[in-house]
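Architecture and fold: a report
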Amino acid sequence: MAPTREMSLETKERIVKLLEEGNSSCMVAKDVGCSQSAVSKIWTKYKQHGMVVKAKRTGRPRKTSKRQDKQLKHKWEEAGANVCDRTVRNRLKEMGFQYRKAKRKPSLTPKHKRTRLQWAKERQSWTVDDWMKVIFSDESRICIGQGDDAGTFVWCRSSEIYEEACLKKTTKFPQSLMIWGCMSGKGTGEMTVVNYSINAQVYIDILDSFLIPSVEQMFGDNEIIFQDDNASCHRAKTVKAFLGERHIQSMSWPANSPDLNPIENLWWKLKKMVHKKAPTCKADLATAIKESWHQIDAEYCLSLIKSMPQRLKPVIAVLRTS
């Protein structure tokens, strides 16, 4: 016997509504196009649970979309193999494929790709000890309410989805703060809230007040390599002169490559920690950022630095074949 098609949640809700209005199960069955026994089962479950119950999906979740299944099926048919959609999914699974949500990544031009490959190849022999000499830096904006990107789930009936207790409030222009910070395998360095636009002079002031103390605290008189991205204020001649006067070697950096910077992972962790503190105004946000920054342990920073050799491998592998 062919399996029966699962009734939609909308149909079940209509059945309950018609029965509550006093209609007979026979009339309701004719109205929605199902058997009387199905109407009785839905009504019984509704009275037991106080809500329309959505049937649980049985079996494993789909690994590919129906559109992908059809595309593969057509290709197989062109090759003379007559197969069903399930066979296509099973074969993909056997080959090690999984249906995943595509990762977000900045668009790369051919020039960007060449620069990334060259940068990675020049450092593919670096050990963790080599990366321990690098101090990474960046700016990031943290908003009130940020850090809950996975969404909020609530239990409610379909008629309650817009009730106050079931809503997640959003703000079109949330309050936020820009921060600058740095880190290395030894832990977090200094961090500061930036309350104004960053130009070359402002950036020099940040480096003088926060990078230099971080270097002295974490590395003493040892030589270090300083990493920052290619923002125009970072590459100004006056900034280069400032770093040169203090004998700080600056690392070249490929454009559009946040995936290579371990501090991006630190920002993600920081935003999660700040979100848990639930700040409601800028003053609370600033306090939450500072407290959370100091709570990030050195072991976490070390794990990010240890990941650097692994970050380079896919860059070299992917770009060599492209």
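Residues numbered from 1 in each chain as written. Predicted model: local features only at pLDDT ≥ 70, side-chain atom pairs only at ≥ 80, totals over all residues. Heavy atoms only, no water.

1. Focus on the pattern of salt bridges
- Inspection of the entire model under this criterion finds six salt bridges.
- D259 is the partner of R116 in a salt bridge, and the nearest nitrogen-oxygen pair spans 3.0 Å. Pair noted here: R116 is in helix α6 (residues 110-122) and D259 is in the loop between β5 (249-250) and α10 (263-276), with a separation of 143 residues, a long-range link.
- When its relative accessible area of 2% is taken as the criterion, R116 is described as buried. (Salt bridge = Lys/Arg side-chain N within 4 Å of Asp/Glu carboxyl O. Helix = DSSP H or I, 4+ residues; strand = E, 2+ residues; numbered from the N terminus. Buried < 20%, exposed > 50% of the residue type's maximum accessible area, 1.4 Å probe, protein only.)

2. Overview of the environment of P279
- By the element assignment, P279 lies in the loop between α10 and α11 (282-295).
- When the C-alpha positions of P279 and I144 are compared, they lie 6.4 Å apart, and in sequence the two are 135 residues distant.
- When residues no more than four places from it in sequence are discounted, the contact partners of P279 are I144, V274, D284, L285 and A288. (Contact = heavy atoms within 4.5 Å.)

3. Section: the packing of aromatic side chains
- Applying the stated criterion across every chain yields a total of five aromatic pairs.
- Here the aromatic rings of W267 and W293 are separated by 5.9 Å at their centres, their planes lie at 35°, and the arrangement is tilted. Here W267, found in helix α10, pairs with W293, found in helix α11; they are 26 residues apart in sequence, far enough to count as distant. With respect to class, W267 is no different from W293; both count as buried.
- Every member of this aromatic cluster is reached through a ring pair, and the members are W119, W126, W131, F136 and W253.
- Between R123 and the ring centre of W126, over which it is positioned, the NZ or CZ distance is 5.6 Å. (Phe/Tyr/Trp six-rings, centres within 6.5 Å; stacked < 30°, edge-to-face > 60°. Lys NZ or Arg CZ within 6 Å of the ring centre and 35° of its normal.)

4. Remarks on the packing of α10 against α11
- Interaxial distance between α10 and α11 falls to 9 Å at its minimum, and their mutual angle equals 125°. Put simply, α10 runs oblique to α11. Crossing hand, α10 versus α11: right-handed. The residues of α11 that touch α10, namely those facing L266, W267, L270, M273 and V274, are L285, A288, I289, S292, W293 and Q295. (Axes fitted to C-alpha atoms, helices over the stretch in contact; angles between N-to-C directions. Parallel < 35°, antiparallel > 145°, perpendicular 65-115°, else oblique. Left-handed = near helix turned anticlockwise from the far one by under 90°.)

5. Describing helix α9 (residues 237-245)
- All of the buried residues in α9 are V239, F242 and L243. Buried residues of α9, seen end-on, are gathered within an arc of 95° and therefore sit on one face of the element. In α9, those exposed residues whose orientation departs by more than 90 degrees from the buried face are K237, K240 and E245.
- Tucked inside the fold, the buried residues of α9 contact α8 (200-219), β4 (225-227) and β5.
- Once α9 finishes, H247 follows within two positions and takes phi at roughly 60°, a positive value. (Arc of directions from axis to C-beta.)

6. Re the sheet that holds strand β3 (residues 187-194)
- The five strands lie next to each other as β3-β2-β1-β4-β5, forming an open sheet whose pairing is mixed. Strands with a single pairing partner mark the edges of an open sheet, and in this sheet they are β3 and β5.
- Bridging between strand β2 (residues 176-184) and β3 involves six bridges; their strand directions are antiparallel. Following the sheet pairing, W180 is matched in β3 by T192.
- Those strands touched by α11 are β1 (134-143), β2 and β3, and its axis lies near 10° from that of β2.
- Along the sheet, helix α12 (residues 298-306) makes contact with β1, β2 and β3, crossing β2 at roughly 75°. (Pairing = 2+ DSSP bridges.)

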